[in-house]
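# Understanding the architecture of this molecule
Here are the chains, one letter per residue:
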Amino acid sequence: MEKISAPILVITDHTGNVDDGFVLTEPSKQLLTLAGSLTTGRIDAIALNPAPQVSELAKYGVSRVFTPDLEGLSPRVAAVVADAAFEVARQEAQYAAVLNVSNYRGREVAAGLAVRLGSGAVVDVTSCVVADGQFEAQKSVLAGTWSTKFKVTRGTPVIGLRPSAVEAKEVGEPTEPEIVPIKVSYSQPAVGVEVIESIEEGGQGRVSLTEAPVVVCGGRGTDGNFSLVDELANALGGAVGSTRVAADEGWIDRSTQIGQTGVSVAPNLYIGLGVSGAVHHACGIQASRHIVAVCDDPDAPIFEIVDFGVVGDINEVVPEALAALRQKGL
Ligand SMILES: Cc1cc2nc3c(=O)[nH]c(=O)nc-3n(C[C@H](O)[C@H](O)[C@H](O)COP(=O)(O)OP(=O)(O)OC[C@H]3O[C@@H](n4cnc5c(N)ncnc54)[C@H](O)[C@@H]3O)c2cc1C
């Protein structure tokens, strides 16, 4: 596979806090893995906390970790992150690309950073390769009906990768990352916003829907009983999603809705339970690596896009699947 030799800068995210310690997120590991597949050169990282998880960053081949002085500002504000990344890119000036996670904040960071770099941004990317010395990013557009390849033709491209689009893989020999504190001159949009409070919605320790490696989605076929959806998601360490019908009926929170007017997911495994796979829903799941469905209608459109489909009643199929998982100790 073709690679470039110039270094790549990766904007990493951590969860946690100063008291309990910071933990590198799975999507950040995926970004670092992608960086390693694109360059033979250095991989540098930005960490938006005072104590990044260096031991994990080392396992993904990071050479240097930039820790911007946040001056009391919140990294939840996209302009703060864009300013910090711009400062690193400006000082170093030789990065072939900046990679970040294409989540709600990441998309805004990518746009702001590309404007400041005078380059271009591609977000919601599901894969990226080097072709003829340039980055070629792929994403699905127009409600999943087209797959499109993009090249940023000037400056340092900013590439936003969808969570779970790439499988995280550690490098053979861990690096010894150097921590590099940096001073940032923050812009008006960065200092003009104060985060008053952040509450993790529906958290309870569960992985977030857009970043989960496994998504179990319930549709009208659940008839309002999401206990099997919950149980299967728990057994597989996944997140619970829903169709618009399920959210409209008030069976589950609107934030779980996947599709054209909900969120898009790209997990390693999507399982639809009692979901017909209407186009408005299918567009939000099409980037999933494996699609599995249990639906009692053999003519349901979801069976046109599944890797594995079961025509049957979820109330019979799912308990059998759970029993089989339990037998395997899951
Ligand atoms: C502008 C617009 C935007 C939209 N945006 C979205 C969106 O973002 N997300 C979204 O999801 N939808 C969206 N919709 C709605 C979408 O078109 C579909 O109506 C919706 O996705 C269908 O949800 P469903 O699969 O749960 O229900 P249905 O289409 O009714 O499918 C339920 C399926 O479950 C099967 N079933 C029933 N009982 C069982 C059982 N016991 N076991 C197994 N299978 C069973 C049925 O046979 C059926 O195939 C949008 C629509 C419009 C017009």
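Right, let's walk through the structure included here. (Residues numbered from 1 in each chain as written. Predicted model: local features only at pLDDT ≥ 70, side-chain atom pairs only at ≥ 80, totals over all residues. Heavy atoms only, no water.)

## Structural notes on helix α9 (residues 314-327)
Let me state the cut-off plainly: Runs of H or I in DSSP of at least four residues are treated as helices and runs of E of at least two as strands, each being numbered from the N terminus. Take the residue count of a helix, subtract one, and multiply by 1.5 Å to get its expected span. For the exposure calls, accessible area comes from a 1.4 Å probe over protein chains only, and a residue counts as buried if that area is under 20% of its type's maximum, exposed if over 50%, partly exposed in between. What the arc measures is the spread of directions leading from the helix axis to the C-beta atoms. In what follows, residue pairs with any heavy atoms lying within 4.5 Å of each other are defined as contacts.
In this model, α9 (14 residues) spans 19 Å end to end at C-alpha, consistent with the 20 Å of a helix rising 1.5 Å per residue. Listed as buried for α9 are I314, V318, L322 and L325. Down the axis of α9, the buried set is contained in an arc of 60°. They therefore lie on one face. Across from the buried face of α9, at angles greater than 90 degrees, the exposed residues are E316, E320 and Q327. Those residues of α9 that are buried are in contact with α6 (227-236), β15 (269-273) and β16 (290-295).

## With respect to the sheet that holds strand β12 (residues 178-182)
Two modes of strand pairing occur in sheets, parallel and antiparallel, and in both the strands are linked by backbone hydrogen bonds. Test applied: By definition, two strands form a pair when at least two bridges between them are found by DSSP. Under this scheme, a helix contributes an axis fitted over its contacting stretch, all axes are lines through C-alpha atoms, and angles between N-to-C directions fall in the 0 to 180 degree range.
An order of β7-β11-β6-β1-β4-β5-β12 is seen for the seven strands of this open sheet, with the pairing classed as parallel. Only two strands of the sheet have a single neighbouring strand rather than two, namely β7 (121-125) and β12. With direction set aside, neighbouring strand axes in the sheet form an average angle of 25°. Examined bridge by bridge, strand β4 (residues 43-47) and strand β5 (residues 62-68) share four bridges and lie parallel to one another. If you follow A45 over to β5, its bridge partner there is V65. Along the sheet, helix α3 (residues 78-92) contacts β1 (8-12), β4, β5 and β12; its crossing angle with β1, the most-contacted strand, is approximately 160°.

## Quick look at the state of the cysteines
Filter applied, for reference: Cysteine sulfur pairs qualify as disulfides if the two atoms are within 2.5 Å.
Under the defined criterion, the tally for this structure stands at zero disulfides. The thiol sulfur of C217 is not disulfide-bonded, and the nearest other cysteine sulfur, from C295, lies at 12 Å. Look at C217 and you get buried, because its relative accessible area is 0%.

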